[in-house]
Amino acid sequence: MAEYYGVDVADIFNTMKSRFRPEGAEGVDAVFGYDIGEEGKWKLTVRQGEMTLDEGGDLSGCDVLVKVDGRTFVGLNIGKIDAMAALGAAKLKVEGDFNLFAATGKLFTKYVPPGQEVEQEQELVVLKRTISVNQRFATGPVMGTFLKGLKEKKILAIKCPVCGRLQSPPREVCAPCRVRNDEWVEIGPSGEMRMLEYCYYASPDPLTGETRETPYGAIGILLDGCRKDEVFWHLLRPDQLDAVQMGIVMGDKVVHGSRLRPVWSENRTGSINDIRYFEIDQ
Amino acid sequence: MGYKNKNRHVGIVGIGETKFSSHREDVNQPEMIHEAVRQALDDAGLGIDDIDCVVHGNMELFEMVHQPDMWHTLGTGAYGKSAFRLTTGGTTGGTLVSGADNLVASGMYDVVMAVGFQKLQEGHTTGGITNMADPLWARKLQSGALTAQAAVKVIAEFGEERARRAAMTYRIIMDKHACKNPNAHRAFHLEWDQIDDLMAHSPPLIGDLRLIHMCSQSDGACAIIFAEEKKARKISEKPVWVRDHITVHREETLNLANNYYPIDTTHRFAAEKLYERNGIDNPLEYFDVFEMYDPSAWWGLDWLRDFFLLEGDAHIRMVENREIMIDGKMPINPSGGVISTNPIGATAMIRVAEAAKQIRGDAGEHQVPGNVEHGLASSFGGTMWTVLTMLEKETNW
Amino acid sequence: MQKDDFSNSYVVEGKLALPYTYFAGRLGSTFLTTLRDQARIMGVRCDKCGKVFLPPRQTCERCLEDIRDKWVALESTGVVVNFTVVRQQDKHLPRKTPYVLGMIKLDGADTPIVHIIEGVDPDKISEGMRVKAIFAPESEPSILLINHFEPAA
Ligand SMILES: [Zn+2]
């Protein structure tokens, strides 16, 4: 069996059942004969919203007889050839009830040769979703102690018994010393500003999915009582972004940053939001 | 450190890279991965039956798909084989190479294929990275992978004008390299006379980090096939040998103290250890090419000092004098690097793949002129983590 | 601090909310648009091992043959090869529980797909039951273009 436009005549008949539209067959009660020359003969029966297809056999007694060559038949079905043009060129002949033939267009969804969409401008399927998962985080005793301190307007750090390093927010261990931290120390609450991340890029707040207002400043603050890299990470009062100075230590070269103090929230629940931000300490 | 020499040599015998781009609506994940897998198999002249084990990885939370290694057997060919999934953030690609190298060197498998991928178009990169931070504190504060820390540091040490000009020079060199690499995602054809304009007008992201400095968000995959020495010599006419690799992680931390020099970074620590145990006295002399994981021009500029153990302004001068160009004294990222192309889970692996192509001498238009025998590739991820990989043309070390 | 003192431990409510996008690719799009526009279920056949895969895939996972062009039309009827009854309600689920999730091997396919089976008492479902696809062309392009399967006469 030959292929036309990359499609077998049989493909079109074999997919009729899956392309059949009962709503398009309403009121149609007829037998259609298809004589596709060398490709073969098919008989389509439509009755009470259902269809049956028989291959080969006698086509006498059909309500409509369609005579057409394989190439034209495929062309008609995939939209390459116009039916009226084919009739005009006598490539397509219809015997019997012509109105019934005209109704066949409604009986089926269009045949699209599978795989051929690739060469056309294909509709590429895109699904957009937002994953939204409720989470519950266990603070554990160490982070819990720190967060509870914030409720009482206290910033706590945990101290390494070996190197004396302060960590805030606290960790259970000092990783370089590989020991459990065992002592709580109150630090700040004021301190010296070091790093300023002056953020123009609006990233989403992952806790809400909402885009943050820009510009904003994420800062590293060396709170009073802390040394070296023991900085505290929080936000800067947004209207003071251009009024602050970063502190920098580079070998012997020391630049002191602006003095900052925390602005506490009225309702404190033991979270990072208990401090609204840090502001310049005049 | 509990480091021991390898049981046996391991050679890279096949390399595959997709074309990298921001738009791969035409393929789903396993289909995209398969492009790299097919290329690597063809490059090695192997069939999937010749592969003993598949190691697969990406950075999670970007595509919002879990256990992609299972779904991706359609593309990797891991069906019925030993398979592992590795995911270590930005360093994933380097970890995949380290893992595959270890699996072959150990004697467990003779031929291992590593596959790294990312389809960043499918997710939200900055949101994804931010969600990896500690949910009780850092999630509220972290701005994805965007930071001006390197810019603050270089400016504090060398002054605004010199620092900004050096960073933009680095950026333009990387773009010139990317223009030679047909796989590169972004190649803008920047010209030297655009430096002042870009320094002044490229949109700022954070502080002195501007859009032009920052890496792209890319889709793509990379596959590399590793084989033990005997098989490697049989499979490939020019296997590239994985001499050594080192991974340095540390406590989750960002440098927000502005407490700078001297500073012990994982990059410098890894480089010192790696060179020491391999007897490399002068890495600048020794290596013929370096593929660096440079997520921004500021980081790339700053990290030259760490990786080559330089002092003072030596790294700035390397860039100012354009010694890091493809035909310079120390070619850095002839591929265009990470600023041009960043499919995160594949990115660090592309560094190794590109360095290996340079050693084979078949990188194409972005081939470094002259004989390339010794290659270095770096990975970066997490909160300042490092994987460094050494590649060799011969096994005479 | 005592190692096992948990008086300061508590739970913080949180949320992870992130947008993402899924691209079906050319092959997946062909499958979905054919399902939507023609109510036709298409698989692909591997010429090497002879297997007909549903959902379609670009490569045969066993032979690693490129089979993206080897389309075959499948019947919309098939047989239940396995099933489970989902009884625990969750906001992410597509139906009110209890409902049946079945592995359905369509006539002409070698691999089963997972889908919802309706029109049968969850306690009466059985392996080997014949089912047919009920299409939902108005749905967004996903496997839910088949709304569900139900017992075939
Ligand atoms: Zn097969």
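Residues numbered from 1 in each chain as written. Chains lettered and ligands numbered in written order. Predicted model: local features only at pLDDT ≥ 70, side-chain atom pairs only at ≥ 80, totals over all residues. Heavy atoms only, no water.

Enquirer: Hey, could you go over the domain arrangement of chain A for me, with residue numbers and the actual values?
Expert: Assigned domains within chain A: domain 1 (3-106) and domain 2 (141-154 + 185-280). The straight-line distance from the C-alpha centre of domain 1 of chain A to that of domain 2 of chain A is 76 Å. (Domains from an automatic or database assignment.)

Enquirer: I'd like a description of helix H6 (residues 140-151) of chain A, backed by residues and values.
Expert: Side chains three or four residues apart in an α-helix point the same way, a direct result of the helix having 3.6 residues per turn. Residues and elements named next belong to chain A. In this model, H6 (12 residues) spans 17 Å end to end at C-alpha, consistent with the 16 Å of a helix rising 1.5 Å per residue. Taken across its 12 residues, H6 has 9 buried, putting it largely inside the fold. For H6, every residue scored as buried is listed here: Pro141, Val142, Met143, Gly144, Thr145, Phe146, Leu147, Gly149 and Leu150. The inward-facing, buried residues of H6 abut strand E9 (155-159), strand E13 (183-187), strand E16 (232-236), strand E19 (259-264) and strand E20 (275-280). Lys153 sits one or two positions beyond H6 and adopts a positive phi of about 55°. (Helix = DSSP H or I, 4+ residues; strand = E, 2+ residues; numbered from the N terminus. Expected span 1.5 Å × (residues − 1). Buried < 20%, exposed > 50% of the residue type's maximum accessible area, 1.4 Å probe, protein only. Contact = heavy atoms within 4.5 Å.)

Enquirer: Could you give an account of the pairing of strand E8 (residues 130-135) of chain C, naming the residues involved and the relevant values?
Expert: In this sheet, E8(C) lies alongside strand E5 (residues 77-86) of chain C in antiparallel orientation, the contact comprising 3 bridges. The residue bridging Gly78(C) from the neighbouring strand is Val131(C), located in E8(C). (Pairing = 2+ DSSP bridges.)

Enquirer: Summarise the interface of chain A and chain C; cite the residues concerned and give the values.
Expert: Across the boundary between the two partners, chain A contributes 45 residues, which contact 42 residues of chain C. When chain A packs against chain C, the two sides together hide about 4,000 Å² of surface, and 51% of this comes from carbon and sulfur. For the interface between chain A and chain C, the tally reads 3 salt bridges. Residues Arg136(A) and Glu13(C) are paired through a salt bridge, measuring 3.6 Å at the closest nitrogen-oxygen approach. Between chain A and chain C we count 18 residue pairs in polar contact (both at pLDDT 80 or more) in total. Elements with a contribution of two residues or more to the side of chain A that touches chain C: helix H2 (16-19), strand E8 (126-138) and H6 of chain A. Its residues assigned to classes, the side of chain A that touches chain C comprises 18 nonpolar, 17 polar and 10 charged. One ladder, built from 13 bridges, connects E8(A) with strand E1 (residues 11-23) of chain C; its direction is antiparallel. (Buried area = accessible area lost by both parts, 1.4 Å probe. Salt bridge = Lys/Arg side-chain N within 4 Å of Asp/Glu carboxyl O. Polar contact = N/O pair within 3.5 Å; in protein donor to acceptor, adjacent residues only side chain to side chain. Nonpolar A, V, L, I, M, F, W, Y, C, P; charged D, E, K, R; others polar.)

Enquirer: Give a detailed account of the interface of chain B and chain A, specifying residues and quantitative values.
Expert: Listed by partner, the interface residues are 39 residues for chain B and 48 residues for chain A. Summed over both partners, the interface of chain B with chain A comes to about 3,900 Å²; 66% of that surface belongs to carbon and sulfur atoms. Taken as a group, Trp137(B), Lys140(B) and Leu256(B) account for 21% of the area that chain B buries against chain A, more than any other trio of residues on that side. Here chain B and chain A share 2 salt bridges between them. The shortest N-O distance in the salt bridge between Glu251(B) and Arg171(A) comes to 3.4 Å.

Enquirer: So what's going on with the sheet that holds strand E2 (residues 41-45) of chain C? Which residues, and what values?
Expert: Residue and element names in this part refer to chain C. Spatially, the 3 strands line up as an open sheet ordered E3-E2-E4, and their pairing is antiparallel. At either end of the open sheet lies a strand with only one pairing partner, and these are strand E3 (52-53) and strand E4 (71-74). Of the strand pairs in this sheet, E2 and E4 are connected by 4 bridges, and their pairing is antiparallel. Residue Gly43 lies in a different strand from E4, and its bridge partner there is Val72.

Enquirer: Run through the confidence of the model for chain C, naming residues and quoting values.
Expert: Confidence in the prediction of chain C, expressed as mean pLDDT, is 92, and 97% of residues score 70 or more. Here the prediction assigns the complex a pTM of 0.83, and the interface score ipTM is 0.90. (pLDDT = per-residue confidence, 0-100.)

Enquirer: Let's hear about the coordination of the zinc ion: which residues, and what values?
Expert: Listed as protein donors to the zinc ion are Cys46(C) (SG), Cys49(C) (SG), Cys60(C) (SG) and Cys63(C) (SG); their distances from the metal cover 2.3 to 2.4 Å. Each of the 4 donor atoms around the zinc ion contributes to a set of angles spanning 106 to 117°, which defines the coordination as tetrahedral. (Donors = N, O, S within 2.8 Å, 3.2 Å for Na, K, Ca; no water. Tetrahedral: all angles 85-135°; square planar, octahedral: opposite > 155°, others 65-115°.)

Enquirer: Summarise the nonpolar core; cite the residues concerned and give the values.
Expert: Core analysis: the largest hydrophobic core is formed by 109 residues, its most contacted members being Ile155(A), Trp137(B) and Ile332(B). Residues contacting Ile332(B), with those up to four places away along its chain left out, are Tyr170(B), Met174(B), His177(B), Phe290(B), Met292(B), Leu304(B), Phe308(B) and Ile324(B). (Core = buried A, V, L, I, M, F, W, Y, C linked by side-chain atoms within 4.5 Å.)

Enquirer: Quick rundown of the layout of surface pockets? Include the residues and the values.
Expert: The gaps left among the atoms become clear once a water-sized probe is rolled over them. Its boundaries defined by the atoms lining it, the second largest pocket holds a volume of some 1,300 Å³. Residue lining of the second largest pocket: 38 residues in total, with Leu127(A), Tyr22(C), Ser142(C), Ile143(C) and Leu144(C) positioned closest to the centre. Classifying every residue of the lining of the second largest pocket by side-chain character gives 24 nonpolar, 9 polar and 5 charged. (1 Å grid on protein atoms, 1.4 Å probe; cavity = no way out; pocket = protein on both sides within 12 Å on 5 of 7 lines; lining within 4 Å. Points joined across faces, edges and corners; volume = space filled by probe spheres on them.)

Enquirer: Which residues make up unusual backbone geometry, and what values go with them?
Expert: Of note, the bond from Ser168(A) into Pro169(A) is cis; its omega dihedral lies within 30 degrees of zero at -5°. Tracing the chain through its elements places Pro169(A) in the loop between strand E10 (166-167) and strand E11 (173-174). Look at the link from Thr97(C) to Pro98(C): it is a cis peptide, with omega at 0°. Note on placement: Pro98(C) falls in the loop between E5 and strand E6 (99-106). Look at Asn258(B): it is not a glycine, yet its phi comes out positive at around 55°. Mapped onto the secondary structure, Asn258(B) falls in the loop between strand E8 (240-248) and helix H10 (266-278). Positioned with a positive phi, Leu64(C) is a non-glycine residue whose angle comes to about 60°. One can find Leu64(C) in the loop between E3 and E4.

Enquirer: Before we move on, can you summarise helix H12 (residues 297-307) of chain B with the specific residues and values?
Expert: All names here are of chain B. Summarising burial for H12: 11 of the 11 residues are buried, a large majority. Where H12 is concerned, the buried positions are Ala297, Trp298, Trp299, Gly300, Leu301, Asp302, Trp303, Leu304, Arg305, Asp306 and Phe307. Once H12 finishes, Leu309 follows within two positions and takes phi at roughly 55°, a positive value.

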